[in-house]
Amino acid sequence: MKDATKQTPAEGIDALPGDLMMWILIVSELLVFGAGLAAFMGVRLTDPAGFSEAQTHLNATTAGINTVVLVTSGWLAALAVQASEMGNILRTRLFLAAASILGVVFLVIKGAEYADKSAQGIDFETHSFFLFYYMLTGFHAMHVIAGIVILALVSWKVTPRNTEVGAAFWHMVDLVWVLLFPIMYLL
Amino acid sequence: MSVTNAWLTLIALSIGSTILAHFGAAGIFASLAILTLAWIKAQVILRVYLGLQNAPSWGRGFGMVLAIYMIGIMGLAVAAS
Amino acid sequence: MKYKTQRIAFAYFVVAMALFAVQVTMGLVLGWIYVDGNFLSELIPFNIGRMLHTNSLVVWLLTGFFGAAYFLVPEESEQEIHSEKLAYLQLAILVLGTAGVVVTYLFNLFEGNFLLGKEGREFLEQPKWVKAGIVVAALIFLYNISMTVLKGKKTAITNILLLGLWGIALLFLFSFYNPDNLALDKMYWWYVVHLWVEGTWELVMASILAFLMLKLTGVDREVVEKWLYVIAALALFSGILGTGHHYFWIGTPGYWQWIGSIFSSLEIVPFFGMMAFAFVMVWKGRRDHPNKAALLWSLGCATLAFFGAGVWGFLHTLHGVNFYTHGTQITAAHGHLAFFGAYVALNLAIISYAMPILRGRDPFNQVLNMVSFWLMAGGMTFMTFTLTFAGTVQTHLQRVNGEAFMDVQEQLWIFYVMRFGSGIAVVLGAVLFIYAVMKPRKEIIEAGAVGTPAE
């Protein structure tokens, strides 16, 4: 089976790197976040001034730092996959641990951001901007938590396939953030 | 592209968009520039981190849907300005 | 019949079909009440009739699922059912509970009694003792099936089926929780039947369809299982939060409007997946199975489920649309085609497949069965259209123009007359179906060549 795939390039579903079920999940998640961000942009049309005003309450700098944290974490996860493919389990675990620690850093910064909002008395009913803000970033943060759990499970049972599947989830979290961040914080 | 090059690209693009947003650039052209940077970043993550560069047909499919989506978002950004 | 305990399914299917007859008969009565508002108003008030119509639907579908599980689990896990006696005990409890419900509703016995009287909660109004009985029956069932699967072979079909069945039982526990706060009450209320039909029942549906496809088309198990896992994952991903579309106007926080709209829009995907699955399997399959009726029902099920649950569901799931259509005849249109397509047709498909085997007369008179498919499917489709048009008119008159409810109902009369007509077709189809699987002995259709399974 393995030899056959080496000789002829895989086609269709088999060409997807990693696990089909993970791709189903990734596509589903992207559809959900994509729809959420599109809805945000749509509702923004109804009140551009209110949305701009609300956005001034966000801290784009810390969120920008979070972007760097997350893409770096994604890089470490990608390196873990390479280490795993070379059969170096210790190296894989170290990269996965580093990726997870950056995930925790992301959550800490996010938590500080939420604490700041809450200190300003802002909740999801303050303005529809904040409804989307809490809903989408909150959903995303939950996926960061889930991703950390998945990376922990992967480093418990390191195989090239497990690492690839776990890292794929982590990259999806990354991907969502690089779209969410500019749309919500910078536009 | 190697994963390390991808990472460096992503960092550079992120810094770029933060600088754009931070130092005065406002208005619709800044928005479109920021969205373009995000588009490239998403493309890099899909192709390199998620490995779609090794599955060209899937890479094209995802790239196409992403393109339609980003153009839609840009359209909404223009409409709001 | 490869395993002798599969015969348990026969008793379940007979009870299911008897309740099916009750359900559609009640439906016809209700359909006439829409035409003549005072019909039977003293004897069976509308709300009681509706309770019987919806409750018997849910109970017979569940009974059918139980029967299907008792039929397919032995074959899948290559193992006799753990205890035949328990299976019959479970059925007896269900029948007793159902009879108790019907009598309690019709005569409103023990009103206000904590244990014996009906509870005021719409659709979950079963008296407490019946609810407890359902839990006991469910526990017996799960024990019986789980033990069988644990002893035997574990396949993707039994895995997904068990996941769905356990989910059904656990979610039913929410029917015991009845908070005083009406908004909270409504919120938990949706956890029962709607997390069923948008979640766990879809798992049951996918696994039964997978079993039927495996048997009827002869496609490799490996292929069927891949589809099954993908469909199950999509159903759970979209369905659990998709239930949020019921939270729009019941006092829950505003974010549910977006969560519900976005996730429930994706609920069409697993239904599309099931339709694609069924047709791709038939197209790829190399087996010409003699039981054409079961194949017709399977394909009809997947198709009508896609339209009824998927398309008609999406039609009014976005909160901007639902703001106007909530609780109009649009909902009734969706409810009828979704339940019929997804779950009624599924049960009738597995019954059509299993009954000839259970009764040792394979193949059987399928012409009548297939006629009944077209009668029921045609009637139901027509009913869906009339109710959709009625709902559209109602939405405009009542929600946009703001006319009074009863004035609007008056103007919808012609649609209700047409709906009654389509209801007659459905009832005739149902009676014909029951006759076709129970009665005729003569073989009319030639047994097709049973091809060798694809290897």
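Residues numbered from 1 in each chain as written. Chains lettered and ligands numbered in written order. Predicted model: local features only at pLDDT ≥ 70, side-chain atom pairs only at ≥ 80, totals over all residues. Heavy atoms only, no water.

## With respect to the overall build of chain C
Within chain C, the secondary structure is distributed over 15 helices and zero strands. Relative to the compact-globule value of 23 Å for 455 residues, chain C shows a C-alpha radius of gyration of 21 Å, a close match. Oriented by its inertia axes, the alpha-carbon framework of chain C measures out at about 65 × 45 × 45 Å. Sequence separation of at least 24 residues holds for 83% of the intrachain contacts in chain C that already meet a minimum separation of 6. Taken as a whole, chain C presents about 18,300 Å² of accessible surface, with 69% of it coming from carbon and sulfur. Where the 27 positive side-chain charges of chain C centre and where its 27 negative ones centre are 9 Å apart. (Helix = DSSP H or I, 4+ residues; strand = E, 2+ residues; numbered from the N terminus. Rg over C-alpha atoms; globule rule 2.2 N^0.38 Å. Contact = heavy atoms within 4.5 Å. Areas by Shrake-Rupley, 256 points an atom, 1.4 Å probe, with all protein chains shown as cover. Lys, Arg positive; Asp, Glu negative; His and termini not counted. Charge placed at Lys NZ, Arg CZ, Asp CG, Glu CD.)

## Topic: the overall build of chain B
Scanning chain B from terminus to terminus reveals three helices and zero strands. C-alpha atoms of chain B, sized along the principal axes, occupy 40 × 25 × 10 Å. Split into buried and exposed, the 81 residues of chain B put 44% on the buried side. Of the accessible surface of chain B, which amounts to about 3,800 Å², a share of 75% is contributed by carbon and sulfur atoms. (Buried < 20%, exposed > 50% of the residue type's maximum accessible area, 1.4 Å probe, protein only.)

## Some words on the interface of chain B and chain A
Taken together, the contact pairs 33 residues of chain B with 39 residues of chain A. Together chain B and chain A conceal approximately 3,000 Å² of surface at their shared face, both sides included; 81% is due to carbon and sulfur atoms. Together, B:Tyr49, B:Leu50 and B:Trp58 form the three largest contributors to the area buried by chain B at its contact with chain A, with a combined 19%. Run the count over chain B and chain A and you get zero salt bridges. Scanning the region where chain B abuts chain A turns up six residue pairs in polar contact (both at pLDDT 80 or more). Of all elements in the fold, only α1 (3-22), α2 (27-49) and α3 (56-80) of chain B reach the threshold of two or more residues within the side of chain B that touches chain A. (Buried area = accessible area lost by both parts, 1.4 Å probe. Salt bridge = Lys/Arg side-chain N within 4 Å of Asp/Glu carboxyl O. Polar contact = N/O pair within 3.5 Å; in protein donor to acceptor, adjacent residues only side chain to side chain.)

## Focus on empty space enclosed by the protein
Scanning all chains against the criterion turns up two cavities of 30 Å³ or more. Looking at the largest cavity, its volume works out to about 60 Å³. Lining the largest cavity, in full, are A:Val32, A:Gly36, A:Met135, A:Leu136, A:Phe139, C:Trp258, C:Ile259, C:Ile262 and C:Phe263. Where the lining of the largest cavity is concerned, the elements lending two or more residues are α2 (20-46) and α6 (128-156) of chain A together with α8 (255-265) of chain C. With four residues, α8(C) is the single largest residue contributor to the lining of the largest cavity. For the lining of the largest cavity, the residue count by class is eight nonpolar, one polar and no charged. Here the second largest cavity defines a volume of roughly 50 Å³. For the lining of the second largest cavity, the elements supplying multiple residues, two or more each, are α2 and α3 (48-55) of chain A. (1 Å grid on protein atoms, 1.4 Å probe; cavity = no way out; pocket = protein on both sides within 12 Å on 5 of 7 lines; lining within 4 Å. Points joined across faces, edges and corners; volume = space filled by probe spheres on them. Nonpolar A, V, L, I, M, F, W, Y, C, P; charged D, E, K, R; others polar.)

## What about the confidence of the model for chain C?
All names here are of chain C. On average, chain C scores 92 in pLDDT, and the residues at 70 or more come to 96%. Of the regions scoring below 50 in pLDDT, residues 449-455 engages in ten contacts with residues more than four places distant in sequence or in other chains. On the interface metric, ipTM, the complex scores 0.92, and its pTM is 0.92. (pLDDT = per-residue confidence, 0-100.)

## A short note on the arrangement of the chains
When the two pairs of chains in contact are compared, the highest contact count belongs to chains A and B. Over all C-alpha pairs, chain B and chain C never come within contact, reaching a minimum spacing of 16 Å.

## As for helix α12 (residues 329-358) of chain C
All names here are of chain C. If you check α12, its first and last C-alpha atoms are 40 Å apart, about what 30 residues at 1.5 Å a residue would give, namely 44 Å. The largest bend in α12 comes to about 40°, at Phe340. Most of α12 sits out of view: 25 of its 30 residues are buried. Positioned one or two residues after α12, Gly360 has a phi angle of 60°, which is positive. (Expected span 1.5 Å × (residues − 1). Bend = angle between axes of the 7 residues up to and from the residue.)

## Some remarks on the nonpolar core
If you look at the biggest cluster of nonpolar residues, it comprises 211 residues, and the most contacted ones within it are A:Met184, A:Tyr185, C:Phe71, C:Trp201, C:Met205 and C:Ile208. With 21 residues, helix α6 (residues 182-217) of chain C is the single largest residue contributor to this core. In contact with C:Trp201, not counting residues within four places along its chain, are C:Val58, C:Leu61, C:Leu62, C:Phe65, C:Ile168, C:Trp196, C:Phe339 and C:Tyr343. Grouped together as the second largest cluster of nonpolar side chains are eleven residues, C:Leu30, C:Ile33, C:Ile44 and C:Val130 included. (Core = buried A, V, L, I, M, F, W, Y, C linked by side-chain atoms within 4.5 Å.)

## What to know about the UniProt feature "transmembrane region" (unreviewed entry) in chain B
Listed under "transmembrane region" (unreviewed entry) in the UniProt record, and renumbered for this structure, are residues 20-40 and 61-80 of chain B. A helix fraction of 100% and a strand fraction of 0% characterise residues 61-80 of chain B, whose end C-alpha atoms lie 29 Å from each other. (UniProt positions renumbered as here; feature names shortened; annotations may be inferred.)

## Quick notes on the interface of chain C and chain A
On the chain A side, the residues contacting the 15 residues of chain C number 18 residues. Overall, the association of chain C and chain A removes approximately 1,400 Å² of surface from exposure, summing both partners, and the carbon and sulfur fraction of that is 91%. At the surface where chain C touches chain A, the tally comes to zero salt bridges. Counting across the interface, chain C meets chain A through zero residue pairs in polar contact (both at pLDDT 80 or more). Among the elements of the structure, α7 (221-242) and α8 of chain C are those that each provide at least two residues to the side of chain C that touches chain A. Top contributing element to the side of chain C that touches chain A by residue count: α7(C), with seven residues. Here the residues of the side of chain C that touches chain A sort into 13 nonpolar, one polar and one charged.

## As for the packing of aromatic side chains
Under the counting rule described, the total for this entry stands at 59 aromatic pairs over all chains. Summarising the aromatic geometry, the rings of A:Tyr133 and A:Tyr134 are spaced 5.1 Å apart at their centres and angled 70° between planes, so their arrangement reads as edge-to-face. Over the aromatic face of A:Trp156 sits the side chain of A:Lys157, whose NZ or CZ is 4.4 Å from the ring centroid. The ring of C:Trp189 has C:Lys186 lying over it, and the distance from NZ or CZ to the ring centre is 4.3 Å. (Phe/Tyr/Trp six-rings, centres within 6.5 Å; stacked < 30°, edge-to-face > 60°. Lys NZ or Arg CZ within 6 Å of the ring centre and 35° of its normal.)

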